[in-house]
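# Working through the structure, step by step
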Amino acid sequence: MPRLSDTTRRRILYGGDYNPEQWPEETWHEDVRLMRDAGVNSVTLGVFSWAKLEPRPGVHDFGWLDRLMDLMHANGIGVVLATPTSAPPPWLGHLHPDTLPRDEDGRTEWWGGRQHFSHSSTTYRRHAAAITEAMAARYAGHPALTMWHVNNEYCTYDHGDEAATRFRRWLRDRYGTLDALNAAWGTAFWSQGYGDWAEILPARRTHYLKNPTQVLDFRRFTSDMLLECYAAERDIVRRHTPHLPVTTNFMPLWSGQDAWRWAEEEDVVSVDLYPDPRDPLGAQHGALVQDMTRSQARGPWMLMEQAAGPVNWRGANHPKPRGLNRLWSLQAVARGADAVCYFQWRQSRQGAEKFHSGMVSHAGAQGRTYQEVKQLGADLAKLAPHAAGSTVPAGIAVLHDWHSWWAGAQDGRLSTRFDYPDVLRAWHRALWEAHLTTDFAHPEHDLSPYKAVVVPQLYALTDTAVDNLVAYVRGGGTLVCGFLTGVADEDDRVRPGGMDARLRELFGIRTLHEWWPLEADETAACDGFWGSLWSEELEPDGTATETVRYKGGELDGLPAVLRKGRAWYLSTLPEPAALRDLLARVAADAGARPVLDGLPAGVEAVRRGDLLFLLHHGRDPVTVDVPGTHRDLLTDATVTDRLTLGRYGVAVLTEPAS
Ligand code: GLA
């Protein structure tokens, strides 16, 4: 199987989406000069080029792309070639309205934007395959070609008639019989029993709450249909270039794809990451996405897109202050990225994203953005021989599962005051602030490599997953579970007792009497901290070895936190410092060490291979103790015992000389 290292060859890929069809050819030559000056060694071409490559059905114009591929090759810049299938040309929708997706109200999503394709449309799939085939055949032997990028941010839903037909087929494969489907969906409720497959619809608009398992299956189906589209194009390009890796770019924490399953179908896992420069927890959000992507990749991964400056899709779109682009890019390398790329190379002058930054902003080569891009290119070249291909050791796994997220996100739940990603972020933040490096894992993965496993929230768990957690603890592992875990099975059927009996036994819970959600501004006082979002009325079975209790209110004296040996259950979300301290203590007991002790606030430390990355997320200088003598790869300076990091400063240290 081709890998990312086949393309990087001990370099860090640096570059981004390049959309030269928006520019006259003279500009291409300036682009290439600026790219070379900045150390750019990889560009992604073709992402939105379908109308340019196939202006009329079956009529191709590859001449401009031929010239670009040659130009890139002549300048030593590799090309990640994208199949252009996320933005079909107007003629496709015009000639074949069946290629257009429908929303839950049956309204058509028209061309004029992008991603206006139905994953279920046979006609769309045929045309997507044809342009992919034509591109793969033409460029298979081109020396500039280093990797394939299929489509772009697969994220569409379709509730149309062809989707309905495919949904029924998908359900037949899953359930076999209507009886099994009726049982799984609980259709005895509200007179929903199906007597004919033809009666089943995608999750279209209903008068009141929809059947939650139907919605859950529709999400599973959508992820699977998009994956079929990806796999079809991947198989075409693989046939032509079996030696080249194939990827498609994920959106971080995007609810529409089961990325665990998708990652298995990719040679390279890549992600697009856009933390808000104004978000005080932007760096932690970045770390979370990077940890998750690395875990999906099971090794080095690709930062396919980030912004050199502002995006254009927030309420107010802030630029990155001086140094922040470098800091966040090096954070990605610290956490395992072997590619640092952007959307896009040159900021557009027209179109929907003309106010979205590029590596070359409207200010041009003299602008601060490009100048910083150039500096980063030099930094990456210094790091590459030492960092590329190496791994990031993590002692702790955070469990995450899309199906559980989907099941728990249903309408009609007990609280809409929080969403699952909020909970996931809160737990990852606690570990990040404790300088504990974490992987992510699926609840059915082998957890034995980890000293501790944390479950922020897994509302729905399969029997296999529950058994996996129990076996992990029985085998000597330490497990910390957050509230609303193990409530439902994979059909979203509530487990008897409101929480799986095996888990209740594991944590020392006899009865879960009631869930007590908290209002947005409400807290629950506990011994030593306050909790938010949620609380529970638990009756312990007397086997707990440690209990933290609610203080005051209706739950006064009842357990907020239960520990039974190496298994912990938290029935509320402790305030950030309390969750951090608790997880730090549990990790220490389990033998998972922070990357470095005594780090000043705002300094992130990550080990990658035999390098120590120190990343300063603040503006005021700080001093960091780093016992021993090291070399800072970025400055080539010798560092003995301590160093000072300035505003958004980064040091990448070699192991101390012994
Ligand atoms: C996504 C897309 C890009 C671009 C950026 C803007 O990541 O893949 O084409 O639209 O968003 O942030």
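Residues numbered from 1 in each chain as written. Predicted model: local features only at pLDDT ≥ 70, side-chain atom pairs only at ≥ 80, totals over all residues. Heavy atoms only, no water.

Inclusion rule: UniProt positions are given in the numbering used here, feature names are shortened, and annotations may be inferred rather than shown by experiment.
Looking at an unreviewed UniProt entry, one finds the protein chain named Beta-galactosidase, with Streptomyces pactum as its source organism. In its Sequence similarities (unreviewed entry) section, UniProt records this for the protein chain: "Belongs to the glycosyl hydrolase 42 family." Looking at the protein chain in UniProt, the text filed under Catalytic activity (unreviewed entry) is "Hydrolysis of terminal non-reducing beta-D-galactose residues in beta-D-galactosides."

### Considering the site of the ligand
Our working rule: Residue proximity to a molecule or strand is established when one non-hydrogen atom of the residue lies within 4 Å of it. Any pair of nitrogen or oxygen atoms within 3.5 Å is treated as a polar contact; in protein, a donor-acceptor pairing is required on top of that, and neighbouring residues in sequence qualify only through side-chain atoms on both sides. Methods summary: accessible areas were calculated by the Shrake-Rupley approach with a probe of 1.4 Å, and residue burial reflects only the protein chains presented. Residues are grouped as follows: Ala, Val, Leu, Ile, Met, Phe, Trp, Tyr, Cys and Pro are nonpolar; Asp, Glu, Lys and Arg are charged; every other residue, Gly included, is polar.
If you check the shell around the ligand, you find Phe-48, Arg-114, Asn-152, Glu-153, Asp-272, Tyr-274, Glu-305, Trp-313, Phe-343, Glu-353 and His-356 and nothing else. A distance of 2.5 Å separates an oxygen atom of the ligand from a polar atom in the side chain of Glu-353. The separation between an oxygen atom of the ligand and a polar side-chain atom of His-356 is 2.7 Å. For the ligand, whose free accessible area comes to 300 Å², the fraction covered by protein is 96%. Grouping the amino acids of the shell around the ligand by side-chain chemistry returns 4 nonpolar, 2 polar and 5 charged.

### A closer look at the sheet that holds strand β2 (residues 42–45)
Strand pairing in a sheet is mediated by backbone hydrogen bonds. Such pairs are either parallel or antiparallel. Quick reminder of the rule: One bridge is not enough; two strands pair if DSSP finds at least two bridges between them. Helix numbering and strand numbering both begin at the N terminus, where a helix is a DSSP run of H or I of at least 4 residues and a strand a DSSP run of E of at least 2. Pairs of residues are marked as contacts when any of their non-hydrogen atoms sit within 4.5 Å. The axes are straight lines fitted to the C-alpha atoms, using for helices just the contacting stretch, and the angles between their N-to-C directions are given from 0 to 180°.
Spatially, β5-β4-β3-β2-β1-β9-β8-β7-β6 is the arrangement adopted by the 9 strands of the open sheet, whose pairing is parallel. Each having just a single partner strand, β5 (246–247) and β6 (249–250) make up the two edges of the open sheet. Packing against the sheet, helix α12 (residues 324–334) makes contact with β8 (301–305) and β9 (337–342), and its axis sits at approximately 145 degrees to β9.

### Quick look at a nonpolar patch on the surface
Note the following rule: Patches in this entry comprise residues that are over 30% relatively accessible and not in a salt bridge; like charges within 9 Å are linked, as are nonpolar side chains (Val, Leu, Ile, Met, Phe, Trp, Tyr) within 5 Å. Each reported salt bridge corresponds to a side-chain nitrogen of Lys or Arg within 4 Å of a carboxyl oxygen of Asp or Glu. Three exposure classes are used, based on accessible area relative to the maximum for each residue type with a 1.4 Å probe and protein chains only: buried under 20%, partly exposed in between, and exposed over 50%.
Judged by side-chain polarity, Phe-189, Trp-190 and Tyr-208 come together as a nonpolar surface patch covering roughly 400 Å² of accessible area. With respect to the element layout, Trp-190 can be found in the loop between α8 (178–185) and α9 (212–240). Residue classification places Trp-190 among the partly exposed positions, given a relative accessible area of 44%.

### What to know about the domain arrangement of the protein chain
Basically, it comes down to this: Start and end positions for the domains come from either an automated domain assignment or a database one.
Split into domains, the protein chain comes out as domain 1 (396–590) and domain 2 (603–654). Centre-to-centre, using C-alpha coordinates, domain 1 lies 35 Å away from domain 2.

### Observations regarding the UniProt feature "domain: Glycoside hydrolase family 42 N-terminal" (unreviewed entry) in the protein chain
Those residues carrying the UniProt feature "domain: Glycoside hydrolase family 42 N-terminal" (unreviewed entry) are residues 17–383 in this numbering. Spanning residues 17–383, this segment combines 42% helix with 9% strand, and its end C-alpha atoms are found 23 Å apart.

### Regarding the environment of Gly-628
By the secondary structure assignment, Gly-628 is in strand β24 (residues 622–631). Owing to a relative accessible area of 24%, Gly-628 belongs among the partly exposed residues under this scheme. Distance from Gly-628 to Glu-266, taken between C-alpha atoms, is 41 Å for residues 362 residues apart in sequence. Gly-628 has contacts with Val-639, Thr-640, Asp-641 and Pro-656, leaving out every residue within four places of it along the chain.

### Examining the packing of helix α2 (residues 25–38) against helix α4 (residues 63–74)
This is how it is decided: Orientation is classified from the angle alone, with under 35 degrees giving roughly parallel, over 145 giving roughly antiparallel, 65 to 115 giving roughly perpendicular, and any other angle giving oblique. Each crossing gets its handedness from the near helix: less than a right angle anticlockwise from the far helix is left-handed, clockwise is right-handed.
Remark: α2 packs on α4, axes separated minimally by 11 Å, with the N-to-C direction vectors making an angle of 25 degrees. Classed by the angle they form, the pair α2 and α4 counts as roughly parallel. Along this stretch, α2 crosses α4, giving a crossing that reads as right-handed. The segment α2 lies against α4, with Glu-25, Trp-28, His-29, Val-32 and Met-35 engaging Trp-64, Arg-67, Leu-68, Leu-71 and Met-72.

### Focus on the UniProt feature "domain: Beta-galactosidase C-terminal" (unreviewed entry) in the protein chain
UniProt tags residues 602–654 as "domain: Beta-galactosidase C-terminal" (unreviewed entry). With 0% helix and 66% strand, residues 602–654 has its two end C-alpha atoms placed 21 Å apart.

### A word on the pairing of β24
The pairing of β24 with strand β25 (residues 638–645) spans 8 bridges and is classified as antiparallel. Across the sheet, the residue bridging to Asp-625 is Arg-642, located in β25.

### Regarding the pairing of β8
To keep it simple, the criterion reads: Crossover handedness is defined here as right-handed if the route from the first strand over the helix to the second strand goes clockwise, with the strands pointing away from the viewer.
Within β8, 5 of the 5 residues are buried, which leaves it mostly tucked inside the rest of the structure. Sheet topology places strand β7 (residues 270–272) next to β8; 3 bridges connect them, and they run parallel. Across the sheet, Asp-272 pairs through a bridge with Glu-305, a residue of β8. Handedness of the β-α-β unit built from β7, helix α11 (residues 282–297) and β8 comes out right-handed. Looking at chain direction, β8 and β9 are connected through 3 bridges and run parallel. The residue of β9 that forms the bridge with Met-302 is Ala-339. Each parallel crossover has a hand, and the one from β8 via α12 to β9 is right-handed.

### Concerning the pattern of salt bridges
One pass over the structure, following the stated rule, counts 47 salt bridges. In this structure, the salt-bridge partner of Arg-346 is Glu-30, at a minimum N-O distance of 3.3 Å. Of the two residues, Arg-346 sits in the loop between β9 and α13 (368–387) while Glu-30 sits in helix α2, which places them 316 residues apart along the sequence. We classify Glu-30 as partly exposed; its relative accessible area is 32%. Two residues, Asp-31 and Arg-346, come together in a salt bridge whose shortest N-O distance is 2.7 Å. Of this pair, Asp-31 sits in helix α2 while Arg-346 sits in the loop between β9 and α13; the two residues are 315 residues apart in sequence, bridging distant segments of the chain. The buried category is assigned to Arg-346, whose relative accessible area is 12%.

### Points about the nonpolar core
Spelled out, the test is: Only buried residues count toward a nonpolar core. Its members are Ala, Val, Leu, Ile, Met, Phe, Trp, Tyr and Cys residues joined through side-chain atoms within 4.5 Å.
Of all hydrophobic cores here, the largest spans 172 residues; its most connected members are Leu-81 and Phe-507. Both domain 1 (396–590) and domain 2 (603–654) contribute no fewer than three residues apiece to this core.

### Focus on unusual backbone geometry
Looking along the chain, the bond that leaves Phe-343 and enters Gln-344 is cis, with omega of -10 degrees. Secondary-structure assignment places Gln-344 in the loop between β9 and α13. Not every positive phi belongs to a glycine, and Asn-151 is a case in point at roughly 55 degrees. Despite not being glycine, Arg-298 has its phi angle at roughly 55 degrees, a positive value. We classify Arg-298 as exposed; its relative accessible area is 68%.

### Considerations on helix α7 (residues 161–175)
Residues spaced three or four apart along an α-helix point in a common direction, a consequence of the helix completing one turn every 3.6 residues. As a reminder of what qualifies: By this rule, a helix spans an expected 1.5 Å times one less than how many residues it contains.
The first and last C-alpha atoms of α7 sit 21 Å apart over 15 residues, in line with the 21 Å expected at 1.5 Å per residue. Those residues of α7 lying buried are Ala-163, Ala-164, Arg-166, Phe-167, Arg-168, Trp-170, Leu-171 and Tyr-175. Packed against the buried residues of α7 are α6 (122–139), α8 and α9. Downstream of α7 by one or two residues, Gly-176 has phi in the positive range, about 80 degrees.

### Observations regarding the sheet that holds strand β15 (residues 524–526)
In space, the 3 strands of this open sheet follow the order β15-β16-β21, with antiparallel pairing throughout. Strands at the two margins of the open sheet, each flanked by one partner only, are β15 and β21 (573–574).

### A word on the side chain of Asp-103
Positionally, Asp-103 belongs in the loop between α5 (90–95) and α6. In this structure the side chain of Asp-103 is engaged in a polar contact, spanning 2.8 Å, whose partner is the side chain of Arg-107.

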